[in-house]
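Given next are the chains, with one letter for each unit.
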Amino acid sequence: MGTLNGKTALITGGGSGIGEATAMLFAREGANVVISDMDKAGGERVLAALIKAGGKGIFVQSDVSKAADSERSVSEAVEAYGRLDIAVNNAGIGGPAELTGAYPLDGWRQVIDINLNGVFYGMRYQIPMMLRSGGGAIVNMASILGQVGFATASAYVAAKHAVVGLTQNAALEYGAQDIRVNSAGPGFIRTPLLTKHLTEEQLAGIAALHPMGRLGKPEEVAELVLWLALDRASFVTGAYYAVDGGYLTR
Ligand code: NAI
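Description of the structure in this document. Just so it is clear, the structure is predicted and the values come from calculations on it, not from any experiment. (Residues numbered from 1 in each chain as written. Predicted model: local features only at pLDDT ≥ 70, side-chain atom pairs only at ≥ 80, totals over all residues. Heavy atoms only, no water.)

### Re the layout of surface pockets
Argument step 1. Computed from the structure, the largest pocket encloses a volume of approximately 1400 Å³.
Argument step 2. What lines the largest pocket is a set of 47 residues, and nearest its centre among them are Gly92, Ile93, Gly94, Leu193 and Leu194.
Argument step 3. Class assignment of the residues belonging to the lining of the largest pocket gives a composition of 23 nonpolar, 18 polar and six charged.
Argument step 4. Here the second largest pocket is characterised by a volume of approximately 300 Å³.
Argument step 5. Together, 19 residues line the second largest pocket, and Gly136, Asp178, Ile179, Arg180 and Asp231 are the ones closest to its centre. (1 Å grid on protein atoms, 1.4 Å probe; cavity = no way out; pocket = protein on both sides within 12 Å on 5 of 7 lines; lining within 4 Å. Points joined across faces, edges and corners; volume = space filled by probe spheres on them. Nonpolar A, V, L, I, M, F, W, Y, C, P; charged D, E, K, R; others polar.)

And the structure:
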C-alpha cells in the first residue's frame, strides 16, 4: 500500500516536467491525483500514463493566472474525490531573458501573473477546502532563484522570492489548523522549461554551476515534494527546502 492512500492531491502544471514526475510518483503512492494544466495535450498525456501505470486521477484544464480557473480546479477535485488533502502549486514559466533595465513589461506581468499570482490564487481556494476537512499540506514550487539572483531573470527571481515569503505567511496563519505550507527550491532541472530554450552547450554551462556537476532530474524534485506532503513531515511548515545539487552552497 502507498504512503498517500486515500489522499487527494492537486498538482498544477502536472502536464510536464516536475509536475509530471510528481503526478506519477503520487499516483504510485496511491493518491487520487488531480492533474491541472493549461496545456490539454500535456495533461491528458500524463493522465493516460498515470492510469496505464495503475494510478487514479483526473485532468482539469486550468490557467493558474486566472482566479476562477484555480477555484474550479479545487471544486472539480472535490467533486471527483470528496476532499482535498494536498496541493502542489507548481505551474510556472521562465519568462524573457533580459537585463532589468530593458526587461519587457508584458513579460514581467506574465511571469508575475503565473509564477506568483498563480500560487496565491491556488492557495486562496485550496486553503478553505482544506479547512473544511481538518487540514492538509501545500507545497509551493519556488527555486534556488527564490534565494539568490540570476542575471537576466529579474521577474522570475522576484516571483520566486515572493513565493518563499507567501509560503511562510500562509504557514504562520494556518499552522494551528493543521495546514502545513512549505516551498521546494530546485536547482536547474532538465525539463522542457530549459530544453525548449537552451542549447546543450548552454545547459552544460548551467550544470557546471552545481557542485554535483549536473542538472537535476524531475523525479529527484518529486521525491522532496512527496516527503513534504506526507503526514510524516508533521512538524515541517513554513520551510524552504533546496533540492539543488549543492547550488546554494556557492
Ligand atoms: P515545464 O515547462 O516542464 O512544466 C511546466 C508546466 O506548467 C507545463 O505543463 C505548462 O503547460 C504548465 N503551465 C505553464 N503556465 C501555466 C498556467 N498559466 N496555468 C497552468 N499551467 C501552466 O517546467 P518545469 O521545469 O517542470 O517547471 C515546474 C515548476 O518548477 C515551475 O514553477 C518552475 O519555475 C519550477 N522550477 C523549475 C526549474 C527547472 O530548472 N526546470 C528550477 C526551479 C524551479
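### Here's the deal with empty space enclosed by the protein
Argument step 1. Enumeration over the complete set of coordinates arrives at one cavity of 30 Å³ or more.
Argument step 2. Space inside the largest cavity adds up to approximately 60 Å³.
Argument step 3. Leu10, Thr12, Ser36, Ser62, Val64, Ser70, Ser73, Val74, Asn89, Gly118, Gly122 and Gln126 together form the lining of the largest cavity.
Argument step 4. For the lining of the largest cavity, the elements supplying multiple residues, two or more each, are strand E1 (8–12), helix H3 (67–81) and helix H4 (105–132).
Argument step 5. Looking at the lining of the largest cavity residue by residue, the classes come out as three nonpolar, nine polar and no charged. (Helix = DSSP H or I, 4+ residues; strand = E, 2+ residues; numbered from the N terminus.)

### As for the site of the ligand
Argument step 1. Lining the immediate environment of the ligand, one finds 29 residues, of which Ser16, Asp37, Asn90, Tyr156 and Thr191 sit closest.
Argument step 2. Asp37 places a side-chain nitrogen or oxygen 2.5 Å from an oxygen atom of the ligand.
Argument step 3. One nitrogen or oxygen atom from the main chain of Asn90 is found 2.8 Å from an oxygen atom belonging to the ligand.
Argument step 4. Taking 820 Å² as the accessible area of the ligand by itself, protein coverage stands at 94%.
Argument step 5. Of all the secondary-structure elements, those providing two or more residues to the shell around the ligand are helix H1 (17–28), helix H5 (154–174) and helix H6 (192–195). (Near = heavy atom within 4 Å. Polar contact = N/O pair within 3.5 Å; in protein donor to acceptor, adjacent residues only side chain to side chain. Areas by Shrake-Rupley, 256 points an atom, 1.4 Å probe, with all protein chains shown as cover.)

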